[in-house]
Number of protein chains: 2
Amino acid sequence: MQTVNVAVMGHGVVGSGVVEVLLSHEKNIAAKVKNEINVKYILDLRDFPGLDYSERFIKDFDLILKDESVKVVVEVMGGIHPAYEYVKACLEAGKSVCTSNKELVAAHGAELLKIAGEKNVNFLFEASVGGGIPVLRPIAQCLSANDLYEVFGILNGTTNFILTKMIRENMAFEDALALAQQLGYAERNPSADVDGHDACRKICILASLCFGKHVYPEQVRTEGITKITLADVEYADIAGYVIKLIGYSKLLEDGKITADVYPALVPKNNQLAGVDDVFNAVMVRGDAVGDVLFYGRGAGKLPTASAVVADVIDCVKHLNARKYLSWEDGSKDYVVDSKTVKTRLYVRAYVDDILNAKTEVFSVISDAEFIVTGEDKNEVAFLTPVGVEAELKEKITSLKQLKNTSVLHVLD
Amino acid sequence: MQTVNVAVMGHGVVGSGVVEVLLSHEKNIAAKVKNEINVKYILDLRDFPGLDYSERFIKDFDLILKDESVKVVVEVMGGIHPAYEYVKACLEAGKSVCTSNKELVAAHGAELLKIAGEKNVNFLFEASVGGGIPVLRPIAQCLSANDLYEVFGILNGTTNFILTKMIRENMAFEDALALAQQLGYAERNPSADVDGHDACRKICILASLCFGKHVYPEQVRTEGITKITLADVEYADIAGYVIKLIGYSKLLEDGKITADVYPALVPKNNQLAGVDDVFNAVMVRGDAVGDVLFYGRGAGKLPTASAVVADVIDCVKHLNARKYLSWEDGSKDYVVDSKTVKTRLYVRAYVDDILNAKTEVFSVISDAEFIVTGEDKNEVAFLTPVGVEAELKEKITSLKQLKNTSVLHVLD
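Here is a short report on the structure shown in this document. Just so it is clear, the model here is predicted, and its values are computed rather than measured. (Residues numbered from 1 in each chain as written. Chains lettered and ligands numbered in written order. Predicted model: local features only at pLDDT ≥ 70, side-chain atom pairs only at ≥ 80, totals over all residues. Heavy atoms only, no water.)

### Overview of the overall build of chain A
- Within chain A, the regular secondary structure consists of 14 helices and 18 strands.
- Here chain A has a C-alpha radius of gyration of 23 Å; the compact-globule value for 412 residues is 22 Å, and the two agree.
- Along the first, second and third principal axes, the C-alpha atoms of chain A reach 80 × 45 × 35 Å.
- Out of the 412 residues belonging to chain A, those deemed buried represent 59%.
- Counted over contacts in chain A with a minimum sequence separation of 6, partners at least 24 positions apart contribute 74%.
- Entry remark: accessible area of chain A is about 16,200 Å², with carbon and sulfur atoms responsible for 48%. (Helix = DSSP H or I, 4+ residues; strand = E, 2+ residues; numbered from the N terminus. Rg over C-alpha atoms; globule rule 2.2 N^0.38 Å. Buried < 20%, exposed > 50% of the residue type's maximum accessible area, 1.4 Å probe, protein only. Contact = heavy atoms within 4.5 Å. Areas by Shrake-Rupley, 256 points an atom, 1.4 Å probe, with all protein chains shown as cover.)

Shown next as structure tokens:
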């Protein structure tokens, strides 16, 4: 049995989890890998005295880069800098890299995959989407005989927790957010989650993998959940839907794609509707296989760490490059403006007179489906038929009787 | 670009699907694999005149075995003989084999994996569990950093279709079975499905992979759905459950396992409860990752074929043995008698006098939970507390007031 040296860059939540999983499962992993995995260095600027493995900490990245015995490097620092420079340098030095850093992969995935390919090493990032849930590898390997045409899912556990509290316990958005913060699910500054940026990075990675060309975060129209009200939750419920924050990407007939993050009404009989709390789920549609769904904990120290360690195990088993993960660079016009494609919308608005408002809506959108609440609220909610988004929105804007109009997508 | 020759043994539903997917996705697959995949032979005793590829059919297995240019063989004949002899001969001749044949893998998986390992070729069978759903490879690769301790799921689409009709449409078992046969979901002799044998083979494969030692079908206590009545469906519904045919296996503290196939009451908030019609789902539990669920079409020509072809693609990319799929041979005492472990049971029975019967039940099982129907049916249904199965069943048998007693497991 040989020993393979590994370095872990970053000893935060995920990083400490990676070290913990590697050390606590040492024997079982060695049995599977037929090699011992030795955590030689842990790179972190902070000191961690008093740990069993305190002597392995270093502060100088060059020690890792120049140590030829280190074959696999784990990047769990997060953020783009210096993660990007470090990962690039490691790959160029012929070391495989495993990361959970969705921001890095969404911004530089195509470039880093290309370098890995040229150097015949691995760049793996299973943990960057869906935490511990196997998603990227099964899509790349098990669905490889399919032409994939749609990928979407609940990609952010924090917002799903908040929406679940709103749906199941009638809790207002602000209260649900405060609870999520109290439980450690949401940051003090919750923007990355509630404004959809985290889900945006993940749909970039999924779309890049499924459709073969890199999608960059700035190409994804991204909308968070901050404007969702309990009224929306109630109307959706009456109409047979639940509201979920969805990352969505679809291959169009001309080979281009759409990519969006938005809160959407999901039919209750859709598998995603039952995905609650901090759980995530990714749905992939292929021409041969139909619908496939992957479900589990999308975040958390140990689930995410276990996905990173699985990548490390894969690297140690196959020190030369695995060939399954790769995509080309993208281009500016590859992602089309979602407003130009067909969709269905949900509309809620305040009105002075419900009857007049309904008459106006029907005169402009003749087959609107009103959601009946049985109460007189000076508020209406309805679903549009399927149409080109820009045209639907133009019609909605033209409705003079609607005030403070709120519009959501419907996933059918 | 090189050409890799492949042979397909069997041109039934799955076999013709495999050829169809390989031919219709030829270009996309070649782009992924960087090799062309050429279907050189199709082995079938029947004639298939008039097809685009009729000239590729052969009736003599030796042509495949002796052709050194054939690197990958697809076995989709089904059944044990001659599939076992053919697969073994191919592996021994240094050819990789991909199969969808669960019966073969459940009966001879450990032996065939061992031969593949010795010959440095692949023996892959992703399609044998869950049809097109990625299950085995993600478990083996993506969850490799976990100690797995439980695996269970809805593993048979036909019985799930029948139960869904009973649950959603109040259709009697016989009528639902007749409909399934009419739609082509069930065979004329439906025993392999409705008696649980198909699910049994799949839980054998899952348990072997998750826990590392081969489990043979005769070690799995197997019970089908033929005795489930609409009354059971209704009682389960009132108590907050749906009835599903479950394949279940669990690692015990002493390193042994249990393995069962049975109809069970599944809580409505469990992800499996929403898995309807012919869909399958597999839940895996690991110490780091928690719950992970894989969902999709568990059968059907193209879904299953797409999983077989993904294995072929994997073989062509890695002509030398992949190292992730393997387990040891099992042993007689590895699977313990499920009656000796703890469970919870559902009981339904006819009674002459409901009050007397309840009094008797409470005197023997003091914390039984009766399911109240609001109707006087001369029938009772209740849930037991958690206890050792044999002890619970002994108590139930001792109840003199219960007649035609029916007992099901409860999945909590």
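After that view, the rundown keeps rolling.
### Structural notes on the pairing of strand β1 (residues 2-9) of chain A
All names here are of chain A.
- Most of β1 sits out of view: six of its eight residues are buried.
- Alignment of β1 against strand β2 (residues 35-43), held across eight bridges, turns out to be parallel. Counted as the bridge partner of asparagine 5 is asparagine 38 from β2. (Pairing = 2+ DSSP bridges.)

### Thoughts on the environment of lysine 244 of chain B
All names here are of chain B.
- One can find lysine 244 in strand β9 (residues 241-251).
- Remark: the alpha-carbon pair of lysine 244 and serine 144, spanning 100 residues in sequence, is separated by 29 Å.
- Polar contacts involving the side chain of lysine 244 include one to the side chain of aspartate 276, which spans 3.2 Å. (Polar contact = N/O pair within 3.5 Å; in protein donor to acceptor, adjacent residues only side chain to side chain.)

### A look at the sheet that holds strand β4 (residues 70-75) of chain A
All names here are of chain A.
- On the basis of which strands lie adjacent, the open sheet formed by six strands has the order β3-β2-β1-β4-β5-β6 and parallel pairing. Among the strands making up the open sheet, the edge pair consists of β3 (57-58) and β6 (123-124).
- When strand β5 (residues 96-99) meets β6, the two strands line up parallel, connected through two bridges. From the neighbouring strand, valine 97 faces β6, where its bridge partner is phenylalanine 123.

### Re unusual backbone geometry
- The linkage connecting histidine 81 of chain A with the following residue, proline 82 of chain A, adopts the cis geometry, with an omega of 5 degrees.
- Residue placement: proline 82 of chain A occurs in the loop between β4 and α4 (83-92).
- Backbone geometry at asparagine 170 of chain B places phi at a positive 60 degrees, although glycine is not the residue there.
- Looking at the secondary structure, you find asparagine 170 of chain B in the loop between α7 (157-169) and α8 (173-182).

### Regarding the interface of chain B and chain A
- Across the contact, 42 residues belong to chain B and 42 residues belong to chain A.
- In total, chain B and chain A occlude about 3,700 Å² of area from one another, counting both sides; carbon and sulfur atoms represent 53% of this.
- Summed over the three residues of chain B that lose the most area to chain A, namely Cys142, Gln271 and Tyr295 of chain B, the buried surface amounts to 16% of that side.
- Run the count over chain B and chain A and you get zero salt bridges. (Buried area = accessible area lost by both parts, 1.4 Å probe. Salt bridge = Lys/Arg side-chain N within 4 Å of Asp/Glu carboxyl O.)

### Points about the relation of the copies chain B and chain A
- With an RMSD of 0.0 Å, the fit of chain B onto chain A corresponds to turning through 180 degrees and sliding 0.0 Å along the axis. Between the two chains, the operation in question is that of a two-fold axis. When each C-alpha of chain B is compared by its distance to the rotation axis, phenylalanine 294 of chain B comes out closest, at 2.5 Å. (Least-squares fit on C-alpha atoms with pLDDT ≥ 70 in both.)

### Remarks on helix α2 (residues 26-33) of chain A
All names here are of chain A.
- For α2, the set of buried residues is Ile29, Ala30 and Val33. Viewed end-on, α2 has its buried residues packed into an arc of 100 degrees, placing them on one side of the element.
- Where α2 is buried, its residues contact α1 (13-24), β2 and α12 (301-317). (Arc of directions from axis to C-beta.)

### Details of the pattern of salt bridges
All names here are of chain A.
- Scanning the model with the defined rule gives 58 salt bridges over all chains in all.
- With a closest N to O distance of 3.7 Å, arginine 137 and glutamate 126 form a salt bridge. Placement of the pair is arginine 137 in helix α6 (residues 136-142) and glutamate 126 in the loop between β6 and α6, with a sequence separation of eleven residues.
- Counted as one network, the salt bridges with shared partners bring together Glu126, Arg137, Asp311 and Asp314.

### A word on the packing of aromatic side chains
- By the definition in use, this model includes 21 aromatic pairs over all chains.
- Here phenylalanine 152 of chain A and tyrosine 248 of chain A contribute two aromatic rings whose centre-to-centre distance is 5.7 Å and whose plane-to-plane angle is 35 degrees, an arrangement assigned as tilted. Of the two residues, phenylalanine 152 of chain A is situated in strand β7 (residues 148-154) and tyrosine 248 of chain A in strand β9 (residues 241-251); the sequence distance between them amounts to 96 residues.
- Phenylalanine 152 of chain A gets classed as buried once you look at its relative accessible area, which sits at 1%.
- Aromatic side chains tyrosine 53 of chain B and phenylalanine 57 of chain B sit 6.1 Å apart centroid to centroid with 20 degrees between the ring planes, which places their arrangement in the stacked category.
- Residue classification places phenylalanine 57 of chain B among the buried positions, given a relative accessible area of 15%.
- Of the aromatic side chains, those joined through ring pairs into one cluster are Phe48, Tyr53 and Phe57 of chain A. (Phe/Tyr/Trp six-rings, centres within 6.5 Å; stacked < 30°, edge-to-face > 60°.)

### What to know about the side chain of serine 128 of chain A
- Residue placement: serine 128 of chain A occurs in the loop between β6 and α6.
- Exposure remark for serine 128 of chain A: the relative accessible area of 0% places this residue in the buried category.

### Quick word on the environment of glutamine 271 of chain A
- With respect to the helices and strands, glutamine 271 of chain A occurs in the loop between β10 (257-267) and β11 (279-286).
- Spatially, the C-alpha atoms of glutamine 271 of chain A and leucine 293 of chain A are 8.0 Å apart, while their sequence positions differ by 22 residues.
- Every residue in contact with glutamine 271 of chain A, bar those within four places of it in the chain, is listed here: Met283 and Leu293 of chain A together with Gln271, Gly274, Val275 and Tyr295 of chain B.

### Some thoughts on the sheet that holds strand β6 (residues 123-124) of chain B
- The strand order β3-β2-β1-β4-β5-β6 (chain B) describes an open sheet built from six strands, whose pairing is parallel. Taken across any chain shown, the strands that pair with only one partner, and hence form the sheet edges, are β3 (57-58) and β6 of chain B.

### Side note on the nonpolar core
- If you look at the biggest cluster of nonpolar residues, it comprises 237 residues, and the most contacted ones within it are Phe123, Ile139 and Leu206 of chain A together with Phe123, Ile139 and Leu206 of chain B.
- If you look at the next biggest cluster of nonpolar residues, it comprises 34 residues, including Phe152 and Met283 of chain A together with Phe152 and Met283 of chain B. (Core = buried A, V, L, I, M, F, W, Y, C linked by side-chain atoms within 4.5 Å.)

### Comments concerning the packing of helix α7 (residues 157-169) of chain A against helix α8 (residues 173-182) of chain A
Residues and elements named next belong to chain A.
- Contact pair α7 / α8: the axes reach a minimum separation of 9 Å and the direction vectors enclose 130 degrees. Between α7 and α8, the angle falls in the class oblique. Every pair of crossing elements has a handedness; the one defined by α7 and α8 is right-handed. In this structure, α7 uses Phe161, Ile162, Lys165 and Met166 to contact α8, whose residues at the interface are Phe173, Ala176, Leu177, Leu179 and Ala180.
- Its residues assigned to classes, the contact of α7 with α8 shows eight nonpolar, no polar and one charged. (Axes fitted to C-alpha atoms, helices over the stretch in contact; angles between N-to-C directions. Parallel < 35°, antiparallel > 145°, perpendicular 65-115°, else oblique. Left-handed = near helix turned anticlockwise from the far one by under 90°. Nonpolar A, V, L, I, M, F, W, Y, C, P; charged D, E, K, R; others polar.)

### Some details on the state of the cysteines
Residues and elements named next belong to chain B.
- Counting across every chain of the model gives zero disulfides over all chains.
- Unpaired in this structure, cysteine 210 has its nearest cysteine sulfur neighbour in cysteine 204, at a distance of 13 Å.
- On the accessibility criterion, cysteine 210 (11% relative accessible area) is buried.
- Left without a disulfide partner, cysteine 315 is nearest to the cysteine sulfur of cysteine 98, which lies 3.6 Å away.
- Since its relative accessible area comes to 0%, cysteine 315 is described here as buried. (Disulfide = S-S within 2.5 Å.)

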